[in-house]
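Working through the structure, step by step
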2 protein chains.
Amino acid sequence: MREPASGTDISVDVAVIGGGVVGHAIAWEAARSGRSVALVDDAPGCGASWAAAGMLAPVSELHYQEEDLLELMLEASSLWPEFAAGLAPDVDRTDEAAETAAGTGYITTPTLAIGVDPADRRALDDLRRVQAANGLSVEQLTVREARSIEPLLSPGVSCAYRIAADHQVDPRRLLARIAAALVNAERAGGTCKMIPARASGLQWESDRVAGVVLDNGIAIHAGETVLANGLGTGNLNGLPPGLNLPLRPVYGDIIRLRVPAHLQPLLSSTVRGLVHGVPVYIVPRDDGTVVIGATQREVALEEDAAEAVSAGGIYQLLRDAQALLPAVAELELLECTARGRPGTPDNAPLLGRVQDRTGDSDVLGLIVATGFFRHGILLAPAAASICLQLMEGRSDPRWAVFQPGRFSPGFSASHIPRHPDPATAATPLCSKEQHEYHP
Amino acid sequence: MREPASGTDISVDVAVIGGGVVGHAIAWEAARSGRSVALVDDAPGCGASWAAAGMLAPVSELHYQEEDLLELMLEASSLWPEFAAGLAPDVDRTDEAAETAAGTGYITTPTLAIGVDPADRRALDDLRRVQAANGLSVEQLTVREARSIEPLLSPGVSCAYRIAADHQVDPRRLLARIAAALVNAERAGGTCKMIPARASGLQWESDRVAGVVLDNGIAIHAGETVLANGLGTGNLNGLPPGLNLPLRPVYGDIIRLRVPAHLQPLLSSTVRGLVHGVPVYIVPRDDGTVVIGATQREVALEEDAAEAVSAGGIYQLLRDAQALLPAVAELELLECTARGRPGTPDNAPLLGRVQDRTGDSDVLGLIVATGFFRHGILLAPAAASICLQLMEGRSDPRWAVFQPGRFSPGFSASHIPRHPDPATAATPLCSKEQHEYHP
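**Comments concerning the overall build of chain A**
Summing up its helical and strand segments, chain A has 11 helices and 19 strands in all. Expressed as a percentage of its 439 residues, the buried residues of chain A come to 58%. For chain A, the accessible surface area stands at approximately 17,000 Å², while carbon and sulfur atoms represent 52% of it.

Quick look at the structure:
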């Protein structure tokens, strides 16, 4: 590890590595608890958060065999109203923070799940039964009812469900809003320094993590270091020996479009479609734009082209969105974006402290919060809340299943899934279509 | 007209209004004839030239009833080799101009015309007979032969023709190359000032045009003023009274893609397809990118959104390009662009001097060069050559049909089409499919 340029070193209570939505949310939660925070990122908000559509959809995103994740998603969903309210600009002030905050774009309009062909209908009906079995509320609509709610829906759709609990936020506005709040963190009782650099490795003091060294040689001394830098997390130097963070990029293409005046509002609900077996969603923003996503590709178009947009992906999105909503053809294409999401082997985050190899205690000073895959925006308030609890010496046994050492032999003996083993349990609700819908 | 700020006025031999490829070519031709030139544009190269694919395709672009235009296109095509060679950087020099000039991207590889379904085959066969009747060389290939030339062509295509005379250039590199040559115009014997402003109106001295006033109040005194600003031409103040320049925007969407290393070269020929009656073309550049175009829309997506990209247009291009070349799905989408091309009622340019209303003489000091529609890049060297002839007091009777006053009652008695009147002539080669191919 490089010798830090000690004259410019920084000391804080909490160093958060990674300035996506999750990193920002953790920094904000720590700062408003009264802590001094440093948020380290050389390109804040430019990773997976930049591409995210911002659906807050615990019900729609329920995937078979992911009940633990469902519990975390529902927890996050319950935190969202207060989290968004806490970021609302102070109306008594007219300073920059208030100016920046046109709000986070948090909207609680419902989601419509729409199927196109009979197989899509069967898949969504199967999913609805899984959702109902998990106590989630999904209301079946007739196609006529759906079209009276959303008149521009194609007459060719085969089924519709209304999901009141699935909402949305605008990740870019959210990020700008948290960043603005962090600038004024003193008002919340803490402080936050934005450090535009890249973390190169962890600093250790005997057996605890004591901060991070940046690629410019500066060291940040921190009581707690939180690794929230998505796909980059596994590349840090100085991780606990033997800790395996099996993150892989799952690439997604997404497009942003502007709705011409004569077509506004295009939609009032978020529409999640299943179009001949392929998922697509259309998220209407309150600024007259819509976001259409998202493909899932495990392979980049080419090595070293992680942010390359797939022509085939954009074609698929436009094709399938038009099957749900023919007027998509009349929109203005503003932007095509692709990013890699940090996927994990079980699609759940790596979230918590790292047990040392004896399994008796945790590595002090270190918290991992990465691998949020498709759920980073939804889970951000929960990740922030869980990280703060850990900083306060508390931990919630419900989230032990997400401990970051669970894929590292010898690190974690406590990863016992609470749902039945798929190979042995009766799985009456699992259908092939579901599996296809949730690859 | 505003009073010019005479202290900063400029005097030149030639003022060219409009810095697209046509304006640049005219400025270059004038400068290398020894003239002093001012080229006026507040955003050079950002209009239709920015979107153009750069096909130099007199044969493929032959449209029924446009034989006059064919003659001009063939003239332009014959000028291209020398025009491009004249722009080649001076290899003995290592200065900026030579650096800038990675060349113009002028490539003389052939074009393949490809049809997908039986109706496309019939349409292309009809077109081939029209081309042959006009003395143009088109070689019919078997699909097998076409796929041996271009192995990535879809096995599903129905016919293929090889057109050796249709070439390509990269309009953005061309424009940069002409601009670099203009900076060093003294070497060619003239001078050129780039004026980053917008022309507001013509200046008159008695009955002749004596230059142009800019929107910043500065006047350019010029012996010849050339109007080459595309769709903006008709909006200039001080046009000859009664002169009607009926330009309308014909919008087009175009995409640029990067070919991953494992798919290079995607194509060696330019491919022009007819896919279930809809034209699409795929132009491979020598830098590993391809351009796919181009839609034609007469209506903007919304008022004041002339450069808005149509989501439906991009979808159509990706769909039809994949029908010709399935590997398009595996490319990286770099850019979606839309621009309005300056269309005219007869699809031919407004090119030449303006007759005064007596019909006996021309308005002195004024040359019009606009309305090049789909053909601006191909026709640029011819436009430049014709404009220089006019400046030298010469004129070629072949181009009288393009005189800019032909749509203005009283301006022009000489617009007698040399091809037969479609209502009365026998038109055995006109088929419905052709008409659909060339809307």
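**A short note on the sheet that holds strand S6 (residues 159-163) of chain A**
Residue and element names in this part refer to chain A. Spatially, the eight strands line up as an open sheet ordered S5-S6-S4-S13-S14-S15-S12-S17, and their pairing is mixed. In the strand order of this sheet, the two ends are held by strand S5 (139-141) and strand S17 (332-343), each with one partner. Sheet twist, expressed as the mean angle between neighbouring strand axes with direction ignored, is 20°. Against the sheet, helix H5 (residues 118-133) contacts strand S4 (111-115), S5, S6 and strand S13 (270-275), and its axis sits at roughly 30° relative to S6.

**A closer look at the nonpolar core**
In terms of nonpolar packing, the biggest core is built from 68 residues, with Ile282, Ile292 and Leu324 of chain A together with Ile282, Ile292 and Leu324 of chain B touching the most fellow members. Dropping the residues within four chain positions of it, Ile292 of chain A is found in contact with Ile254, Ile255, Leu257, Val280, Tyr281, Ile282, Leu317, Ala321 and Val328 of chain A.

**Observations concerning the relation of the copies chain A and chain B**
Screw-axis analysis of chain A against chain B gives a translation of 0.0 Å along the axis, an RMSD of 0.0 Å, and a rotation angle of 180°. Considering both components of the superposition, the chain copies are consistent with a two-fold axis. Taking C-alpha positions as reference, the residue of chain A nearest the rotation axis is Tyr315 of chain A, located at 2.9 Å. Of the interface residues in chain A, 100% have counterparts in chain B that sit at the interface too, so the contact is made through matching surfaces.

**Looking at helix H1 (residues 21-32) of chain A**
All names here are of chain A. Taking 1.5 Å as the rise per residue, H1 with 12 residues should run 16 Å; its terminal C-alpha atoms sit 16 Å apart, in good agreement. The element H1 is largely enclosed, with a buried count of 11 among its 12 residues. Of all the positions in H1, only Val21, Val22, Gly23, His24, Ala25, Ile26, Ala27, Trp28, Glu29, Ala30 and Ala31 are classed as buried. Note on H1: the residue one or two positions beyond its end, Gly34, has a positive phi of about 100°.

**A look at the sheet that holds strand S13 (residues 270-275) of chain B**
Strand order across the open sheet formed by nine strands is S16(A)-S16(B)-S12(B)-S15(B)-S14(B)-S13(B)-S4(B)-S6(B)-S5(B), with mixed pairing between neighbours. Pairing within the sheet leaves two strands with one partner each, and these edge strands are strand S16 (309-310) of chain A together with strand S5 (139-141) of chain B. Bridging between strand S14 (residues 278-284) of chain B and strand S15 (residues 289-293) of chain B involves four bridges; their strand directions are antiparallel. Looking across to S15 of chain B, one finds that Val283 of chain B is bridged to Val291 of chain B.

**A few points about the confidence of the model for chain A**
In regions of low pLDDT, the predicted coordinates are not meant to be interpreted in detail. On average, chain A scores 89 in pLDDT, and the residues at 70 or more come to 88%. In the model output, the complex is listed with pTM 0.89 alongside ipTM 0.88.

**What to know about the packing of helix H3 (residues 67-86) of chain B against helix H9 (residues 376-391) of chain B**
All names here are of chain B. The geometry of H3 relative to H9 is characterised by a closest axis approach of 7 Å and an angle of 85° between their N-to-C directions. By the criterion of interaxial angle, the relationship of H3 to H9 is roughly perpendicular. Contacts between H3 and H9 pair Leu69, Leu72, Met73, Ala76, Ser77, Leu79, Trp80 and Phe83 from the former with Ile377, Leu378, Leu379, Pro381, Ala382, Ser385 and Ile386 from the latter.

**Some details on the interface of chain A and chain B**
Across the contact, 25 residues belong to chain A and 25 residues belong to chain B. Summed over both sides, the interface of chain A with chain B buries roughly 1,800 Å², with 61% coming from carbon and sulfur. The three residues of chain A that bury the most area against chain B are Glu302, Ala311 and Tyr315 of chain A, which together make up 30% of that side's buried surface. Here chain A and chain B share two salt bridges between them. For Glu302 of chain A, the salt bridge goes to Arg258 of chain B, with nearest N and O atoms at 2.9 Å. Taken together, chain A and chain B are joined by 10 residue pairs in polar contact (both at pLDDT 80 or more). The biggest single contributor to the side of chain A that touches chain B is helix H9 (residues 311-324) of chain A, with seven residues. Of the residues assigned to the side of chain A that touches chain B, the class counts are 16 nonpolar, four polar and five charged. As judged from the two bridges shared by S16 of chain A and strand S16 (residues 332-343) of chain B, these two strands associate in the antiparallel manner. In the strand pairing of S16 of chain B, Val309 of chain A is matched with Leu333 of chain B.

**What about the side chain of Gln65 of chain B?**
Residue and element names in this part refer to chain B. Within the secondary structure, Gln65 is located in the loop between strand S3 (55-56) and H3. We classify Gln65 as buried; its relative accessible area is 18%. Within the local environment of Gln65, its side chain forms a polar contact with the side chain of Tyr64, the two groups lying 3.0 Å apart.

**Points about unusual backbone geometry**
In the segment running from Gln264 of chain A into Pro265 of chain A, the intervening peptide bond is cis, with an omega of -10°. Of note, the phi angle at Phe373 of chain B is positive, near 50°, even though the residue is not glycine. Within the element layout of this structure, Phe373 of chain B appears in the loop between strand S18 (366-370) and H9. For Phe373 of chain B, a relative accessible area of 9% puts it in the buried group.

**Topic: the environment of Leu72 of chain B**
Residues and elements named next belong to chain B. Residue placement: Leu72 occurs in helix H3. Separated by 116 residues in the primary sequence, Leu72 and Ala188 have C-alpha atoms spaced 26 Å apart. The contact partners of Leu72, leaving out residues within four places of it in the chain, are Pro349, Leu351, Leu379, Ala382, Ile386, Trp399 and Phe402.

**A closer look at the packing of helix H1 (residues 21-32) of chain B against H9 of chain B**
How two helices pack is summed up by the angle between their axes together with the distance between the axes. All names here are of chain B. Running from N to C, H1 and H9 cross one another at 40°; their axes reach a closest spacing of 8 Å. If you check the angle between H1 and H9, you find them oblique. Classified by chirality, the crossing of H9 by H1 is right-handed. Two secondary-structure elements touch here, H1 through Val21, Val22, Ala25, Ile26, Glu29 and Ala30 and H9 through Gly376, Ile377, Ala380, Ala383, Ala384, Ser385, Cys387, Leu388 and Met391.

**Description of the packing of aromatic side chains**
All chains considered together, the criterion is met by seven aromatic pairs over all chains. On the basis of an interplanar angle of 85° and a centroid distance of 5.3 Å, the ring pair of Trp80 of chain A and Phe83 of chain A is categorised as edge-to-face. Here the residue Trp80 of chain A and the residue Phe83 of chain A both occupy positions in helix H3 (residues 67-86), the gap between them amounting to three residues, near one helical turn. Taken together, a centroid distance of 6.4 Å and an interplanar angle of 25° make the contact between Trp399 of chain B and Phe402 of chain B stacked. Here the two residues Trp399 of chain B and Phe402 of chain B agree in accessibility, since each one is buried. Connected via pairs of aromatic rings, a cluster forms that spans Trp80, Phe83 and Tyr106 of chain A. Sitting over the face of the ring of Trp50 of chain A, Arg172 of chain A holds its NZ or CZ atom 3.5 Å from the ring centroid.

**Observations regarding H9 of chain B**
Residue and element names in this part refer to chain B. Most pronounced at Ala382, the bend in H9 amounts to some 30°. In terms of burial, H9 is largely enclosed, as 16 of its 16 residues are buried. Residue Gly393 follows H9 closely and has a positive phi angle near 85°.

**Some remarks on the pairing of strand S12 (residues 248-258) of chain A**
All names here are of chain A. Burial runs high along S12: eight of the 11 residues are buried. Strand direction decides the pairing type here: S12 and S17, joined by 11 bridges, are antiparallel. If you follow Gly252 over to S17, its bridge partner there is Arg339. Alignment of S12 against strand S15 (residues 289-293), held across four bridges, turns out to be antiparallel. Each bridged residue has a counterpart across the sheet, and for Ile255 the counterpart in S15 is Ile292.

**Some remarks on the pattern of salt bridges**
Under the defined criterion, the tally for this structure stands at 44 salt bridges over all chains. Notably, a salt bridge pairs Glu335 of chain A with Arg172 of chain A, separated by 2.6 Å at the nearest N-O pair. Here Glu335 of chain A, found in strand S17, pairs with Arg172 of chain A, found in helix H7 (residues 171-183); they are 163 residues apart in sequence, far enough to count as distant. On the basis of relative accessibility, which here comes to 22%, the residue Glu335 of chain A falls in the partly exposed class. Across the pair Asp320 of chain B and Arg319 of chain B runs a salt bridge whose closest N-O atoms are separated by 2.9 Å. According to the relative accessible area criterion, Asp320 of chain B is buried, its value standing at 3%. Here the salt bridges do not stand alone but share partners, grouping Glu61, Arg272 and Arg374 of chain A into one network.

Criteria and cut-off values
- Residues numbered from 1 in each chain as written.
- Chains lettered and ligands numbered in written order.
- Predicted model: local features only at pLDDT ≥ 70, side-chain atom pairs only at ≥ 80, totals over all residues.
- Heavy atoms only, no water.
- Helix = DSSP H or I, 4+ residues; strand = E, 2+ residues; numbered from the N terminus.
- Buried < 20%, exposed > 50% of the residue type's maximum accessible area, 1.4 Å probe, protein only.
- Areas by Shrake-Rupley, 256 points an atom, 1.4 Å probe, with all protein chains shown as cover.
- Pairing = 2+ DSSP bridges.
- Axes fitted to C-alpha atoms, helices over the stretch in contact; angles between N-to-C directions.
- Contact = heavy atoms within 4.5 Å.
- Core = buried A, V, L, I, M, F, W, Y, C linked by side-chain atoms within 4.5 Å.
- Least-squares fit on C-alpha atoms with pLDDT ≥ 70 in both.
- Expected span 1.5 Å × (residues − 1).
- pLDDT = per-residue confidence, 0-100.
- Parallel < 35°, antiparallel > 145°, perpendicular 65-115°, else oblique.
- Buried area = accessible area lost by both parts, 1.4 Å probe.
- Salt bridge = Lys/Arg side-chain N within 4 Å of Asp/Glu carboxyl O.
- Polar contact = N/O pair within 3.5 Å; in protein donor to acceptor, adjacent residues only side chain to side chain.
- Nonpolar A, V, L, I, M, F, W, Y, C, P; charged D, E, K, R; others polar.
- Left-handed = near helix turned anticlockwise from the far one by under 90°.
- Phe/Tyr/Trp six-rings, centres within 6.5 Å; stacked < 30°, edge-to-face > 60°.
- Lys NZ or Arg CZ within 6 Å of the ring centre and 35° of its normal.
- Bend = angle between axes of the 7 residues up to and from the residue.

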